[in-house]
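Chain residues, written in single-letter form:
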Amino acid sequence: MRRRQAPGWDRVHEAAAQHGIELTAVRQTDTHILYEAAGRHLVLPRGDLPAAVADEVIAALEAGA
């Protein structure tokens, strides 16, 4: 899967990398992607990731690290 280039996605990928967490795309639709990360499933929208959503995802990744 190609890495997202939007700033929100960059923050999520950087936070995951800092905690040694790999984000793996499991399934996709036209509007969302299901990721597996550290034993959790995350359903995230395609395209730009709003800052508030990125903050929640990062907090969830950090809580599970």
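Details of the structure are given in the entry above.
The rules we used
- Each chain has its residues counted from 1, following the order in which its sequence is written.
- Totals for whole chains, interfaces and linings use all residues, but because this is a predicted model, local features are given only for residues with pLDDT of at least 70 and pairs of side-chain atoms are given and counted only at 80 or more.
- The side-chain quantities take in all heavy atoms of the structure and omit both hydrogens and water.
- Helix and strand definitions follow DSSP, with helices as H or I runs of at least four residues and strands as E runs of at least two, each counted in order from the N terminus.
- Throughout this description, buried means an accessible area under 20% of the type-specific maximum (1.4 Å probe, protein chains only), exposed means over 50%, and partly exposed covers the range between.
- Accessible surface is estimated by sampling points in the Shrake-Rupley manner with a 1.4 Å probe; for residues, cover comes only from the protein chains shown.
- Pairs of residues are marked as contacts when any of their non-hydrogen atoms sit within 4.5 Å.
- We define the nonpolar core as a collection of buried residues of types Ala, Val, Leu, Ile, Met, Phe, Trp, Tyr and Cys that are connected through side-chain atoms lying within 4.5 Å of one another.
- Helices are assigned an expected span. That span is 1.5 Å times one less than the residue count.
- In this context, the arc is that of the directions from the helix axis out to the C-beta atoms.

Asks: I'm lost on the overall build of the chain in this one. Help?
Replies: Across its full length, the chain carries 2 helices and 3 strands. Scanning the chain from its N terminus toward the C terminus, one meets helices and strands in the order α-β-β-β-α. Residue burial in the chain is summarised as follows: out of 65 residues, 31% are buried. For the chain, the exposed area adds up to about 4,200 Å²; of that, 50% sits on carbon and sulfur atoms.

Asks: Explain the environment of Glu-22 to me, please; I cannot follow it from the model alone.
Replies: Inspection of the secondary structure puts Glu-22 in the loop between helix H1 (7-18) and strand S1 (24-28). Separated by 14 residues in sequence, Glu-22 and Glu-36 have C-alpha atoms that sit 8.1 Å apart. Excluding its chain neighbours within four sequence positions, the residues that come into contact with Glu-22 are Glu-36 and Ala-37.

Asks: Would you mind going over the nonpolar core with me for this structure?
Replies: The tendency in soluble globular proteins is for nonpolar side chains to be buried as a group. Residues Val-12, Leu-23, Tyr-35, Leu-42 and Leu-61 are the most contacted members of the largest nonpolar core, which totals 16 residues. The contacts of Leu-23, once residues within four sequence positions are left out, are Val-12, His-13, Ala-16, Tyr-35, Glu-36, Ala-37, Leu-42 and Leu-61.

Asks: Just to check I follow, could you spell out helix H2 (residues 51-64) for this structure?
Replies: Because an α-helix packs 3.6 residues into every turn, residues spaced three or four apart end up facing the same way. For H2, with 14 residues, the first-to-last C-alpha span of 20 Å sits near the 20 Å given by 1.5 Å per residue. Listed in full, the buried residues belonging to H2 are Ala-54, Val-57, Ile-58 and Leu-61. Within H2, the buried residues cover an arc of 100° as seen down the axis, which keeps them to one side. More than 90 degrees from the buried face of H2, the exposed residues found are Ala-52, Glu-56 and Ala-63. Its buried side turned inward, H2 meets H1, strand S2 (32-37) and strand S3 (40-45).

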